[in-house]
Amino acid sequence: MHNALPSRLIVDLPNWVGDQVMALPTVSRLVDGNASGETTLHSRPEAQRFLAGLFPQTRVVSTPRKASPVLSARRLCRDGGRFELGVTLRNASRAKICLWLAARRAVGSHGNGAGLLLTRGYSVDRRRHQVHDADPILEDLGLQGVDPSWKPKLPLEIVEEGARCLRRAGVSHEGAVGVAPTTAMGEARRWPAAHYGELARSILDRGLEVVVVIGPGEGAFATAVQEAAGRPLPVVGGDIDVAGLAGVLARLSVLVGNDSGPIHLAATVGTPGVAIFGPTDPCRTGPLSDRHVVVRSELGCAPCGELRCRLGHVACLHQIDVATVRRKVLETFA
């Protein structure tokens, strides 16, 4: 499929923020490689403004997470008909059905109906970091594989918006320490809220400011951290989209979080981070930044990659002590 670009190209992005961030170097390669063509990015509504800010030369179309593939394809093709080429960076069969309807040629990963719905499917080498998953697609299109160190330039207006969000939340100074206690992937991937609260209290005792970073509908996690800290903490993120969250993270000194969207987004906007890993493998999904450190236990059962702990104790996370994480946070100020 060499020399397939430039063309009318549709790039279908992953649903989750962390996966979207790890797909950005691939998106950059495709957008640059199709500079003489027309590129459309397909995302979820909460990421639309973020992607439009990073890739202003593209058209960004969003559809709801649970929209049917048929309706999504109709919306994508509404203004210009079917695309010449579609690339999906999702593994789901729904994504492949959508591209089968929206593009004359469609490529993506093997599995989930790829043999029937895609022009060509590619194997994913899960021994490598997730950022490289689409390298076979890029190379077959005549493009170089991704540069894992690639970072976008965040528009100034998004950074300024982040500063305003922090001020509204009650953060009085630039450079607060953020704690992001949530993850969409279940309890087995969350460091306990009690640990985050103890961490926040110990950081406050050193004269630093702390803000809790959450997503929409995650207020209960912020409350649990505040209760464990034993004092009120500003909370930000429950009412902003991915662009607003990126702006917030760009204004922090450091972010502490699980293997989740915020920690990956912090890495891509250049904010130092302390990433807490339990059942997931940092060699596969670790933050792509030399300003991030990963804290993990040495249990023999980790990383297992499971959404639920088969042993019922999630010790790979619970045994990571607050003192170790606090030390890593304070080292970022040294």
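The structure we're discussing is the one just above.
Predicted model, so just to flag it, every value in this text is computed and none were measured.

Peer 1: How do you make sense of the overall build of the protein chain when you look at a structure like this?
Peer 2: Each helix and strand counted, the protein chain has 14 helices and twelve strands in total. Here the C-alpha atoms of the protein chain give a radius of gyration of 20 Å, agreeing with the 20 Å that 2.2 N^0.38 yields for 334 residues. The principal-axis extents of the C-alpha atoms in the protein chain amount to approximately 60 × 45 × 35 Å. Sorting the 334 residues of the protein chain into buried and exposed places 54% on the buried side. In the protein chain, 61% of the contacts between residues at least 6 apart in sequence involve partners at least 24 apart. Carbon and sulfur atoms make up 50% of the accessible area of the protein chain, which totals about 14500 Å². Of the side-chain charges in the protein chain, 39 are positive and 32 negative, and the distance between the mean point of each set is 5 Å.

Peer 1: How do you make sense of the nonpolar core when you look at a structure like this?
Peer 2: Nonpolar side chains in soluble globular proteins generally cluster together in the buried interior. In terms of nonpolar packing, the biggest core is built from 54 residues, with Leu41, Phe50 and Val87 touching the most fellow members. Aside from chain neighbours lying at most four places away, what touches Leu41 is Ile10, Val11, Leu13, Val27, Val31, Leu51, Phe55, Thr58, Arg59, Val60 and Val61.

Peer 1: I tried to follow the side chain of His195 on my own but got confused; where do I start?
Peer 2: By the element assignment, His195 lies in helix H8 (residues 193-204). Not counting residues up to four positions away in its chain, the partners in contact with His195 are His318, Ile320 and Val322.

Peer 1: How should the pattern of salt bridges be read in this particular structure?
Peer 2: Opposite charge on two side chains permits pairing when their charged atoms draw close. Scanning all chains against the criterion turns up twelve salt bridges. Between Arg8 and Glu38 there is a salt bridge; the shortest N-O distance is 3.5 Å. On the criterion of sequence distance, the pair formed by Arg8 in strand E1 (residues 8-12) and Glu38 in strand E2 (residues 38-43) is long-range, its members being 30 residues apart. Given the relative accessible area of 38%, Glu38 is considered partly exposed.

Peer 1: What am I meant to see in the pairing of strand E3 (residues 59-62) here?
Peer 2: Along any regular strand, the residues point their side chains to alternate faces of the sheet. Judged from the four bridges that link them, E2 and E3 form a sheet pairing that is parallel. Bridging across to E3, Leu41 finds its partner in Val60. Running through helix H2 (residues 45-54), the crossover from E2 to the neighbouring parallel element E3 is right-handed.

Peer 1: Would you take a moment to explain the packing of aromatic side chains for this structure?
Peer 2: Two numbers describe a pair of aromatic rings. These are the distance of the centres and the angle of the planes. Counted according to the given criterion, the structure contains two aromatic pairs. Look at Trp191 and Tyr196: their rings are 4.9 Å apart centre to centre, the planes differ by 80°, and that puts the pair in the edge-to-face class. For Trp191, a relative accessible area of 1% puts it in the buried group. Lying over the aromatic face of Phe83, Arg8 brings its terminal NZ or CZ to 4.3 Å of the ring centre.

Peer 1: Explain the state of the cysteines here, please?
Peer 2: Counted under the stated rule, the structure contains zero disulfides. Left unpaired, Cys77 is separated from the closest cysteine sulfur, that of Cys98, by 7.8 Å. Judged by its relative accessible area of 15%, Cys77 is buried. With no disulfide of its own, Cys316 lies closest to Cys301 among cysteine sulfurs, the gap being 6.0 Å. By relative accessible area, which is 9% here, Cys316 ends up buried.

Peer 1: Before we go on, may I ask you to explain the sheet that holds strand E7 (residues 177-180) in this structure?
Peer 2: In a beta sheet, neighbouring strands pair by backbone hydrogen bonds and run either parallel or antiparallel. One open sheet accounts for six strands, arranged E9-E8-E7-E10-E11-E12; its pairing is parallel. The sheet is open, and its two edges are formed by strand E9 (235-236) and strand E12 (292-296), each paired on a single side. Pairing of strand E8 (residues 210-213) with E9 involves two bridges; the strand directions are parallel. Across the sheet, residue Val213 finds its bridge partner in E9, namely Val236.

Peer 1: How should I be thinking about the environment of Pro25 in this particular structure?
Peer 2: Note on placement: Pro25 falls in helix H1 (residues 17-33). Separated by 122 residues in sequence, Pro25 and Asp147 place their C-alpha atoms 6.5 Å apart. Leaving out residues up to four positions away in the same chain, Pro25 has contacts with Val131, Val146, Asp147 and Trp150.

Peer 1: How should I be thinking about the sheet that holds E2 in this particular structure?
Peer 2: The parallel open sheet is built from six strands, whose spatial order is E3-E2-E1-E4-E5-E6. The open sheet has two edge strands, E3 and strand E6 (120-122), and neither has a second partner. Strand-to-strand, the axes of this sheet are offset by a mean angle of 20°, without reference to chain direction. Seen against the sheet, helix H3 (residues 69-77) touches E1, E2, E3 and strand E4 (83-88) and runs at an angle of roughly 155° to E3. Set on the sheet, helix H4 (residues 93-102) makes contact with E1, E2, E4 and strand E5 (103-109); between it and E5 the angle comes to about 155°.

Peer 1: Where do I start with the side chain of Thr182 in this structure?
Peer 2: In this fold, Thr182 is placed in the loop between E7 and H8. A polar contact is formed between the side chain of Thr182 and the side chain of Glu218, at a distance of 2.8 Å. Not counting the four nearest positions on each side in its chain, Thr182 is found in contact with Arg190, Ile214, Glu218, Phe221, Asn258 and Ser260.

Parameters at a glance
Residues numbered from 1 in each chain as written. Predicted model: local features only at pLDDT ≥ 70, side-chain atom pairs only at ≥ 80, totals over all residues. Heavy atoms only, no water. Helix = DSSP H or I, 4+ residues; strand = E, 2+ residues; numbered from the N terminus. Rg over C-alpha atoms; globule rule 2.2 N^0.38 Å. Buried < 20%, exposed > 50% of the residue type's maximum accessible area, 1.4 Å probe, protein only. Contact = heavy atoms within 4.5 Å. Areas by Shrake-Rupley, 256 points an atom, 1.4 Å probe, with all protein chains shown as cover. Lys, Arg positive; Asp, Glu negative; His and termini not counted. Charge placed at Lys NZ, Arg CZ, Asp CG, Glu CD. Core = buried A, V, L, I, M, F, W, Y, C linked by side-chain atoms within 4.5 Å. Salt bridge = Lys/Arg side-chain N within 4 Å of Asp/Glu carboxyl O. Pairing = 2+ DSSP bridges. Right-handed = clockwise from strand over helix to strand, strands pointing away. Phe/Tyr/Trp six-rings, centres within 6.5 Å; stacked < 30°, edge-to-face > 60°. Lys NZ or Arg CZ within 6 Å of the ring centre and 35° of its normal. Disulfide = S-S within 2.5 Å. Axes fitted to C-alpha atoms, helices over the stretch in contact; angles between N-to-C directions. Polar contact = N/O pair within 3.5 Å; in protein donor to acceptor, adjacent residues only side chain to side chain.

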